[in-house]
Amino acid sequence: FRGNLFAGFCHSLTIALVFLVSNKILKKIVRRKEIVLIVSTSISLILAFSALFWLYSSVLEVHSLGNLLTILTIYFALRWQEQFNKLKSASFDKSELKYFLLTLLFLGLGVGHLQTIVLIIPALVLIFVSGVKTKPDWKEKVGKRIGVGILVAGLAFLIPNLLLFYFNSREQNFSWFFGQNWRGWWFHIRRQVYRGFYVERGTTIDSAYVAKFDLRRYIRTFPLYLKYLSDHFTLIGLILGILGINH
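What counts, and where the lines are drawn
Residues numbered from 1 in each chain as written. Predicted model: local features only at pLDDT ≥ 70, side-chain atom pairs only at ≥ 80, totals over all residues. Heavy atoms only, no water. Axes fitted to C-alpha atoms, helices over the stretch in contact; angles between N-to-C directions. Helix = DSSP H or I, 4+ residues; strand = E, 2+ residues; numbered from the N terminus. Parallel < 35°, antiparallel > 145°, perpendicular 65-115°, else oblique. Contact = heavy atoms within 4.5 Å. Nonpolar A, V, L, I, M, F, W, Y, C, P; charged D, E, K, R; others polar. Left-handed = near helix turned anticlockwise from the far one by under 90°. Salt bridge = Lys/Arg side-chain N within 4 Å of Asp/Glu carboxyl O. Buried < 20%, exposed > 50% of the residue type's maximum accessible area, 1.4 Å probe, protein only.

1. Looking at the packing of helix α4 (residues 62-86) against helix α6 (residues 121-133)
Alright, step 1. Where α4 contacts α6, the two axes come as close as 10 Å, and the packing angle between them is 5°. The angle between α4 and α6 places the two elements in the roughly parallel class. Taken together, the residues of α6 that come into contact with α4 (itself represented by Thr73, Ala77, Leu78, Trp80, Gln81 and Phe84) are Leu124, Ile127, Phe128, Ser130, Gly131 and Val132.
Alright, step 2. In the contact of α4 with α6, the residues fall into eight nonpolar, four polar and no charged.

Right, dumping it as structure tokens:
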């Protein structure tokens, strides 16, 4: 019950942050405040009441926390961009540094939790590069800033994953389970081993179903991927995607 409640809590915060992120982005391309408010609210509500989002708001799965960490990363990246654009020189600014470190912190936590968050890294790089290019006197600081960012993201990734040894030794219910040695931990980091109890099947799964790269198998199953893609295709999604590309 507590795990399911936690999922709902994470997705509730996600919706609030989606509204704030949408608001920030739309303000850059739309001048009328009422339109920005209506569109941001619509985006948030459409996401909140979509079938998959609603489903994973009520069951304990990785997606709710993964979505929250992803939107937090995007939110703080945009806050960093706002603060960075206010700088007049390469002088030190606590707010700018804070948002930069928070962005990398949540990125590291997100990668450690659910690796699909890496899909937003190109966007984060674009935000950083486009900001630094506007201030030539900042080029000397780029190397140090990237180094600090990698360190923060790396620690945010490693520390929670190392703590899993402690949680698993205490047989905590809310944890990732793997062989309690460095080999098992390495398989977990590479997402080669998923282990746990499947409520729907009533069985315990203890196998490495992504243990090896099988190109022939992937080629054979590609038509199945296309089938699922066609099943979930929607015209409104295509229209929104085209509008986004145009903007």
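2. Observations concerning the packing of helix α7 (residues 139-169) against helix α8 (residues 182-189)
Alright, step 1. In contact at an axis separation of 11 Å, α7 and α8 are set at 135° when each is read in the N-to-C sense. When the axis of α7 is compared with that of α8, the two are oblique. Once α7 is placed against α8, the crossing between them reads as right-handed. Between α7 and α8, the residues in contact are Phe157, Leu158, Asn161, Leu162, Leu164 and Phe165 and Trp182, Trp185, His188 and Ile189, respectively.
Alright, step 2. For the contact of α7 with α8, the class distribution of residues is eight nonpolar, two polar and no charged.

3. Points about the pattern of salt bridges
Alright, step 1. Taken as a whole, this structure holds four salt bridges when the rule is applied.
Alright, step 2. Residue glutamate 82 pairs with lysine 24 through a salt bridge whose shortest N-O separation is 3.1 Å. Of this pair, glutamate 82 sits in helix α4 while lysine 24 sits in helix α1 (residues 2-27), placing them 58 residues apart in sequence.
Alright, step 3. Among the residues examined, glutamate 82 registers a relative accessible area of 30% and is labelled partly exposed.
Alright, step 4. The exposure class assigned to lysine 24 is buried, which follows from its relative accessible area of 19%.
Alright, step 5. The salt bridge involving arginine 79 is made with glutamate 82; its shortest N-O contact spans 3.7 Å. Linking arginine 79 with glutamate 82, this pair stays in helix α4, spanning three residues, or about one helical turn.
Alright, step 6. One salt-bridge network, in which partners are shared between bridges, spans Lys24, Arg79 and Glu82.

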